[in-house]
Each structure stands twice: as C-alpha cells, then as structure tokens.
Amino acid sequence: MVNNSTSVKAFWLSFLISGAAVPLGPISATAQIQNTSTPEVALEASAVPEANPDAAQAAVKIEIPKLAAITAETNSAVDRALPDTDAAWVNHALPETEIATVDRALPDTDAAWVNRALPATDIARVDRALPETDIATVDRALPKQDIATVDRAATAPEITEAIRGLPPQKLEIANSPQSQQVAEASKVADISSETGTADDLSIQEDAAQVTSVSQLSDVRPTDWAFQALQSLVERYGCIAGYPDGTFRGNRAMTRYEFAAGLNACLDQITKQIGGSTGNLVSREDLLALQRLQEEFAAELATLRGRVDALEARTAELEANQFSTTTKLNGFAWFNLTGAFAGEGVRVEATNGKAAPLDRVAGRDPVTNRPIVQRVDDPEITFSQLVWLTLTTSFTGKDELITQLAVGNGNSPANQYTSTGFFNTFGTPFLDQTAGGNPNEVILRELSYRFPLTNSLQVVVGPRINFYRYFDNNNFNFFVDGASSFNSNNSPLLSATRRGAGALVLWDIGRALKLRFGYLGESTEFLPTSVFNSASNPSQGLFGGTNTTTAELTFSPSDRTNLRFLYSRSNIQQIGGLIGSPNSKPLNGVADDGFGGRLGNATANTYSFNFDWLVTRGFGLFGRYGYAETNIFPKTNRPDGTIKNQSYQLGLAFPDLFKEGAVLTVSYLVPFDFTGGRRFLISGGGNGGTQYEIEATYYLPLTDHISIVPAFYAIGNANNFDNNPTIFVGNLRTQFSF
C-alpha cells in the first residue's frame, strides 16, 4: 500500500507478531491489488479461522488486475469512505468460487485484510492515484447500517428483513437460485453509464432494461425455483408449453422465459381458484407461488408492463384505424405534359379542329378515301389524377376491391390523334380523365376474390379490372415502368378493359399459372346509354361486347417470365361502325369499305410477352401480338378481315443511380395493319407504319414520393409516313399512401 501512515504500519506489525485471527464481523473482506495484465476482476472466498463461534465468517480475496476502465458510472454505488473494517451483509453464504465485480477507487488510507501472516515487507501496489471516495458495486442487499444501491428491484422486502434478523451462521440463499451466486465481470462490461445513481435503477428496470447480473443468469433445472414451477405445471397444467406441446423441463431458461411461464401459471391457478369447478389449490402450492412471485417480482413487473403497453397501443390503433376489415391505399399524380411537332400533323377526321373525343371519321364522296385534315401543336398542360383503393377482407384470405378515381387530364398528345386513336400513342397512361367528365368521381373497379383451394381462386364482380390479372409485365407496370398507354399493355387488348363477369386463377405449380375469365363490357369512362352492355337490359351480360381470355404464365426462374395469351372478342357495332374505344384489337374505325354499315364483329387475339432480369442491374422485356377482326357488312358487300400486329422490345436498368429507381427504354409499333386496310376510314393512314421510342425514369425520393420524367418520340404518326415526328415530354410527381 502506497503512503501508509506510521500508525497503520504499527497496527500491522502488532497483528503479525500476535498471529491472532482478527474478527471481521459477518463477512471479512481481503483485498490484494495486483498488476494490470488482465481485464478480469475476481473475488475468491476462503474460510477464515473462527474467533467467534456465533459468527459466520468468510475471507474474500479481491484481485483487480486492470483498473483503467473503472468509473463512477456503474449501476450502483456506495458513495462514502469505507472504514478499515468495512463489512457488507449478504443474504447467502459465499461459495469458495464466489466471483463479483468491484468497481471502485480505493482511498489513500485503504487497508487490505488478508487471512495469512504477511511479511513485514508485504506491500500491495497500485499504479494510479487513489481518490478519497470509496466506490463499490454490489449485486446483493446490504444491511441497514451499511446503505447501498443495488442493481435489481427488491422483490420481497419482508423476506429480506426476516433474513437480516437471522444470526450470521443461519444465513442461506432464500430467494435466488444457485446460478445467481456467480457474477462475471465480462457480463457487466456494457452496462450503460446513464444509470449512475441508485434511484435511476428502478426506472431502468421499469423500462425493461436488464441491469442486474442476476437477471442475465439462467434458471436451471436443478434450481429450486425451476423445480417448484415444474411441479405446479404438472399438477395444474398451467403452461401449454412450446409449439410441439412439450414443457422442455431439461433445459435452462432465462429469467424472463421463466417469468413468462410463471405468469401463465399464476393466471391459470387464479382462474381455478375463482371458478366453482376448479381444482383446489393446496396451501403448500400457494406458499410456493408466493415465494416465486417474490423472487421474480422484477421480471414479472417488466413483462406485465410490456403487455400493458402493447394492449394500450392496440387499443389506440383500433380506435383510430379506418376499419377493422378494410385497408385504404391510394395514389395521387401531378402531370406536367407538353407536345410539339413544329408543323401541322395529318389526322383522319372530318372535323380536325374539334376536340379529339368529338372527332368523326368519314370518306370523301368522290375518291372514297378517308378524309384527312391537319392539326397544330397544343399547349402545355398541368393535370391531376387520384385513385383510392379500399381492400376489404372478411376471412383474411378473401379480398373485396373497391376503387374510386377522379381526374381532369387530357394529354396534349391526343391533339395529334386520328379518330379512334384517343389515349393511344404518345399519351402518358396517368395523364387521363378518370371518368367521362373532368373531376367526376367514378367507380373504377368493384370485384371480390376468394379461394376455393390453396392454389385455386375465383374473382367475381360487376366491374373487374382486366389488366389487374392479364398481360402483366415486370418492366411495363405503370407505377415504376414504361409509362405510355401503348407500353403499359398491348394495344390489341382488350375490348373489355373493365367488365362484369368472373375469372379463375389457378397456380398450377411454382413455374406455371393459368388465368381464365369471361367479362362483359362495363367501362367507367364510357356512357352507359351507348356502351357498357353488361348492365344494359337490351344486351345483357352475354350480348353486346364481351371477351373470353386465357393466359398461361411460365416462369422457369425467379428472373424470367413468359406469358402466352389468347382472347376471343365479340364487338358491338356503334352506329353501324366498328371502332374504338370498344373495338380492340382494332384501333381506328372501320366500315364495309364504301361507307356502308356493319353488324357486330368478332376477333381473335394472340399475344406473347416476356420480362427477363438478366442481371441485378439489367433486364429485357418485350411483347408481340397478332389479331384478326372479322367484319360483317349489313350491305351486299362481302365479309372481310382486318389483320394487324403490334410489337415492342425494351431495356430496363433497375437501381440506376439509386436503389429502387428504374430506367426503361423501348421501341414499339402499336398498330401495324397487314391486311384489310381498305375497310378503315380512320387509322390506316397512307400505308406507313407508326413507331414510338420511349424512355421513362422512375426515381423514388422517399418511400411515398417519386418523380417520373418521360420522353416519347412518335414517327409516322397515324400511319402517315409523311407526318413530322412528334415529341412528347411528361413530368409526373407520384404520391402513394
């Protein structure tokens, strides 16, 4: 010891000469300070020769190899100067291998008692200046005369007081299992320095933070507490056990696992006591429960606090949620769009100056050719579109989908369209009016899906969205992929964009999926007086316009999808003509070739599309479609067939510049007529083939906000090879919730 006083040296000398054992009270501590070569701190207990037969004595050797990390920010502290004969009461006898952590600075006058005769030159060295305040960390209750904070809540104060009243030789472990007698320094190295005072410790435990070394110890099958609870479980069946139905009584449990089981047992026995038919509970079992409650009071309080907090949170969510069965999801889009060609663009219409939807196709009475006019460049527009989707589940496996929409978009690109081409080429899909009139709230979708088996589902409804189930593509999805009407889906599909009917969805296996369905026309933006035949009594579900579609999807890997589709369409004539918007696969308008009227038509469409994620940052996608529309003149003209095809090939660059971003670039031909052009009064042009080059970049700013710039170049517009190239730019801001 450095700088010991003369009186202390004299005292030591007299002790060594006399050779007498010095009584230390109930526990006598011996500190031997060594070098700093190891970070571990150990206390070893050894027997002390008894000077008083009525006192339980133990000698403790303290080894403090490394003291560099000692601070005053431990979980408990004794803020006082300890006398030379400092003693601490514990509620159990210390084994010979007792290990604990002493985290304190020793004062200048700190004396170390040893249970052996020390030579006159025996010196304990420290390599630091010792402060005057003695700091010690304990993980056990101290007697009343020696006040200290502990790092766990007192779970049974009345038992503790009773134990303190016992003679030292009768002290025993009353409340803690044997495994709690060992406290390893390595387990407390990371204890937060934010709990530096005694009053803070109870707050930390209320916050469910483990602050006691004893809480880190397992409850083993040999411990009295484990055996007591197991006995209660066997007698009262108060714990169901693990998912396999076993209690697993041969493995150690953490104190929180044990407390969870104890809590369940308490609840079950409480129910049995309160129930008139319950089993009687013996007095011995009640005493065992009381003892277990006292021992694990801190853990039980923490668990119950967590349950209370969870129940409060659940109640808050239930009180504020939209519905217990329905989820609300939505999209809102802002669209800034401009288009220009630099000179007049040829369109097939008799009134080219009219609004695109009001244009009418006709033939020149002299030449019998379609009438052609020119249109000028439009102005820049700024519009909006909102979709709100309510998804309701009654069983957890079914879905009732109700989608509302409102918008006021009319893309400037529509200014250049021939009759029947509205919302086709160069038009951003989301730059649209949801209903027949701007800012009119409409029901866009209403359908119900439910399972028949694990692999078979059925969809029924008066307004099913065709594109939700058919002709999908990972890189053509309108939210984050290619963004025009002609890119999102095949321009040849479908005469029933939304329809009344039923679908069957069969997941044959991991690699095969089959979709089959029948839909009668029920489209939200078409006037019911003329269209929407499914709800019209004069036409009905199986008259008017309807489609029967089947699609097989083959996915040889998680990165590749191949889709094969066939659709049979019955198309209702409108005013003696077959034409858009309900005439797909035919885009444009057809008559008998001489201005005569047509009856209802039929069509067969064959389509293939694929997407392939070649690498994590590069993908390919494309589609090809071929269709034949059979027309039946009401005149003496012969029946005819209009043949057309559509194809697209694109590149995708996922995570370009930012995770979640996608760049898509594609080349597509939306409607190339390969036969029957003479029947077209709009859409055939002068024999040219319209093509489009599109680029869209989806850039997420947050999880719910994205910006999507897009650029389109349209060549040979309206199938006129002498039309100027049209350029369309769109900047979309997308909000999702």
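Look up a bit, the structure's there.
A few points on the structure.

Criteria and thresholds
Residues numbered from 1 in each chain as written. Predicted model: local features only at pLDDT ≥ 70, side-chain atom pairs only at ≥ 80, totals over all residues. Heavy atoms only, no water. Helix = DSSP H or I, 4+ residues; strand = E, 2+ residues; numbered from the N terminus. Expected span 1.5 Å × (residues − 1). Pairing = 2+ DSSP bridges. Buried < 20%, exposed > 50% of the residue type's maximum accessible area, 1.4 Å probe, protein only. Axes fitted to C-alpha atoms, helices over the stretch in contact; angles between N-to-C directions. Parallel < 35°, antiparallel > 145°, perpendicular 65-115°, else oblique. Left-handed = near helix turned anticlockwise from the far one by under 90°. Contact = heavy atoms within 4.5 Å. Nonpolar A, V, L, I, M, F, W, Y, C, P; charged D, E, K, R; others polar. Phe/Tyr/Trp six-rings, centres within 6.5 Å; stacked < 30°, edge-to-face > 60°. Lys NZ or Arg CZ within 6 Å of the ring centre and 35° of its normal. Core = buried A, V, L, I, M, F, W, Y, C linked by side-chain atoms within 4.5 Å. Polar contact = N/O pair within 3.5 Å; in protein donor to acceptor, adjacent residues only side chain to side chain.

1. What to know about helix 4 (residues 224-236)
1) Next: Taking 1.5 Å of rise per residue, 13 residues should cover 18 Å, and helix 4 covers 18 Å from first to last C-alpha, within 8% of that figure.
2) Next: Immediately downstream of helix 4, the backbone of Gly-237 shows phi near 55°, a positive value.

2. Description of the pairing of strand 16 (residues 560-571)
1) Next: Pairing of strand 15 (residues 546-557) with strand 16 involves 10 bridges; the strand directions are antiparallel. Counted as the bridge partner of Glu-551 is Leu-565 from strand 16.
2) Next: Sheet analysis places strand 16 next to strand 19 (residues 601-615), joined by 12 bridges and oriented antiparallel. Across the sheet, the residue bridging to Leu-565 is Ser-607, located in strand 19.

3. Description of helix 6 (residues 283-295)
1) Next: Here helix 6 contains 13 residues, and its C-alpha end-to-end distance of 18 Å stays within 8% of the 18 Å for a straight helix at 1.5 Å per residue.
2) Next: All of the buried residues in helix 6 are Asp-285, Leu-289, Leu-292, Glu-294 and Glu-295.

4. Things to note about the sheet that holds strand 23 (residues 680-682)
1) Next: One open sheet holds the 3 strands; their spatial order is 17-18-23, and the pairing between them is antiparallel. Pairing within the sheet leaves two strands with one partner each, and these edge strands are strand 17 (578-579) and strand 23.

5. Considerations on unusual backbone geometry
1) Next: Going from Leu-493 to Ser-494, the amide bond is cis rather than trans, its omega being -5°.
2) Next: Looking at the element boundaries, Ser-494 is found in the loop between helix 9 (485-488) and strand 13 (498-507).
3) Next: That bond from Lys-584 to Pro-585 is cis: its omega, 25°, falls within 30 degrees of zero.
4) Next: In this structure, Pro-585 sits in the loop between strand 17 and strand 18 (589-590).
5) Next: Even without being a glycine, Asn-439 presents a positive backbone phi close to 60°.
6) Next: Residue placement: Asn-439 occurs in the loop between strand 10 (399-407) and strand 11 (442-451).

6. Here we look at the packing of helix 4 against helix 6
1) Next: Between helix 4 and helix 6, the least distance of the axes is 10 Å, while the angle of their chain directions is 135°. For the element pair helix 4 / helix 6, the angle class is oblique. You can see that helix 4 and helix 6 cross each other, and the crossing is left-handed. Residues Trp-224, Ala-225, Ala-228, Leu-229, Leu-232, Arg-235 and Tyr-236 of helix 4 form the contact with helix 6, whose participating residues are Asp-285, Leu-289, Arg-291, Leu-292 and Glu-295.
2) Next: In terms of residue class, the contact of helix 4 with helix 6 is built from 8 nonpolar, no polar and 4 charged.

7. What to know about the packing of aromatic side chains
1) Next: All chains considered together, the criterion is met by 24 aromatic pairs.
2) Next: Ring plane angle 40° and centroid distance 5.2 Å describe the contact between Phe-564 and Phe-608, whose orientation is recorded as tilted. Placement of Phe-564 in strand 16 and of Phe-608 in strand 19 is noted, with a sequence separation of 44 residues between them.
3) Next: Their ring planes at 20° and their centres at 6.2 Å tell us that Phe-608 and Phe-610 sit as a pair that is stacked.
4) Next: Aromatic rings pair up to connect Phe-331, Trp-333, Trp-387, Phe-429, Phe-477, Phe-478 and Phe-485 into one cluster.
5) Next: We note Arg-444 situated over the ring of Trp-387; from NZ or CZ to the ring centre the distance is 3.9 Å.

8. Considering the nonpolar core
1) Next: By size, the foremost hydrophobic cluster in this structure holds 28 residues, and its most contacted members are Tyr-416, Phe-425, Leu-586, Ile-642, Ile-714, Ile-726 and Val-728.
2) Next: Of all the secondary-structure elements, those providing two or more residues to this core are strand 7 (345-348), strand 19, strand 22 (662-675), strand 25 (705-715) and strand 26 (726-736).
3) Next: With 3 residues, strand 25 is the single largest residue contributor to this core.

9. As for the side chain of Gln-690
1) Next: Mapped onto the fold, Gln-690 is located in the loop between strand 23 and strand 24 (691-700).
2) Next: On the accessibility criterion, Gln-690 (0% relative accessible area) is buried.
3) Next: Only 3.1 Å separates the side chain of Gln-690 from the side chain of Glu-692, close enough to count as a polar contact.
4) Next: When neighbours within four sequence positions are excluded, Gln-690 is seen to be in contact with Phe-425, Val-669, Pro-670, Phe-671, Ile-714, Gly-715, Asn-716, Ala-717, Asn-718 and Asn-719.

10. Observations concerning the side chain of Asn-473
1) Next: Relative to the elements of secondary structure, Asn-473 occurs in the loop between helix 8 (466-469) and helix 9.
2) Next: Within the structure, Asn-473 has its side chain in polar contact with the backbone oxygen of Phe-610 (distance 2.9 Å).
3) Next: Beyond its immediate sequence surroundings of up to four residues, Asn-473 is in contact with Arg-563, Asn-609, Phe-610, Asp-611, Phe-621 and Gly-622.

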